[in-house]
Amino acid sequence: MADRLDTPKEDRRVWRPRLDPDFIGSGAEAFARFMGTGRFLLYMTGFVIVWVTLNAVALFGLRWDPYPFILLNLFFSVQASYAAPLILLAQNRQDDRDRVALEHDRQRAARSLADTEFLAREMAGLRIALGEVATRDFVRSELRNLLEELTPEREDERAG
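Note on numbering: residues in each chain are counted from 1, in written sequence order. In keeping with the predicted nature of the model, local features appear solely for residues at pLDDT of at least 70, side-chain atom pairs appear and are counted solely at 80 or more, and the whole-chain, interface and lining totals rest on all residues. To get the side-chain values, all heavy atoms of the structure are used, and hydrogens and water are removed first.

**Q** Just give me the short version of the packing of helix α1 (residues 23–35) against helix α3 (residues 70–130), but keep the residues and values in it.
**A** Each axis is a line fitted through C-alpha atoms, and for a helix only the stretch in contact is used; angles between axes span 0 to 180 degrees, taken between their N-to-C directions. Runs of H or I in DSSP of at least four residues are treated as helices and runs of E of at least two as strands, each being numbered from the N terminus. The contact between α1 and α3 brings their axes to 8 Å, and the two run at 110°. Here α1 lies roughly perpendicular to α3, going by the angle between them. Seen from above, α1 lies across α3 with left-handed handedness. From α1, I24, G25, S26, A28, E29, F31, A32 and M35 reach across to α3, where they touch Q79, A83, L86, I87, L89, A90, R93, Q94 and R97. Throughout, the ten residues Ala, Val, Leu, Ile, Met, Phe, Trp, Tyr, Cys and Pro are labelled nonpolar, Asp, Glu, Lys and Arg are labelled charged, and all others, Gly among them, are labelled polar. Its residues placed into classes, the contact of α1 with α3 shows 10 nonpolar, four polar and three charged. For classification purposes, an angle smaller than 35 degrees is called roughly parallel, one larger than 145 roughly antiparallel, one from 65 to 115 roughly perpendicular, and anything else oblique. Handedness of a crossing follows from how the near helix is turned relative to the far one, being left-handed for an anticlockwise turn of less than a right angle and right-handed for a clockwise one. Note on contacts: a residue pair qualifies if any of its non-hydrogen atoms lie within 4.5 Å across the two residues.

**Q** An account of the packing of helix α2 (residues 38–57) against α3 is requested, with residue identities and associated values reported.
**A** One way to put it is that α2 packs onto α3 with a least axis distance of 11 Å and a crossing angle of 160°. The angle between α2 and α3 falls in the class roughly antiparallel. In this structure, α2 contributes F40, M44, F47, V48, W51 and V52 to the contact, and α3 contributes L71, L72, F75, F76 and Q79. Looking at the contact of α2 with α3 residue by residue, the class counts come to 10 nonpolar, one polar and no charged.

**Q** I'd love a proper account of the side chain of R93, names of residues and values included.
**A** In this fold, R93 is placed in helix α3. Separated by 3.5 Å, the side chain of R93 and the backbone oxygen of G25 make a polar contact. Contacts of R93, omitting those with residues within four sequence positions, involve D22, G25, S26 and E29. Throughout this description, a polar contact denotes any pair of N or O atoms lying within 3.5 Å of each other; where both atoms belong to protein, one of them has to be capable of donating a hydrogen while the other can accept it, and for residues adjacent in sequence the pair is counted only when both atoms sit in side chains.

**Q** Residue-level account of the side chain of E29, with values.
**A** Along the chain, E29 turns up in helix α1. Looking at E29, its side chain comes within polar contact range of the side chain of R97, at 2.9 Å. In this view, E29 contacts A90, R93, Q94 and R97; residues no more than four positions away in its chain are not counted.

As structure tokens, this is what we get:
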């Protein structure tokens, strides 16, 4: 039936997990944010104190990592080997966000500059147009001159 053009081709469904493309990146950012907190330092300090205490004192007969604490060093090495790339991934994602924000800021600044230049040209045009219109000071001076001209005539009428 799929040979006909008016019927859609049947889908061959292959099972693939659908992961969000930013899943690892957002996880890396959360991990980097957590590693930069005092809570992480307290948890890690508590873990190391418990580890060393259990292995040095051998409480309850537990002693799985003798004094040089090679297994603990291995855990720290594994943690560091994963932490460094994840922190770098989080920094790269932050750089990308900063780059986009900077580009938006540049565009906004360019629009603001264009708007300011437009308004400056409009104001200059208005000033030129107003140069030919009577200003408030001009009208006041003309009214004063008229008032001065009329004032002597009134005094003549009152006197006469």
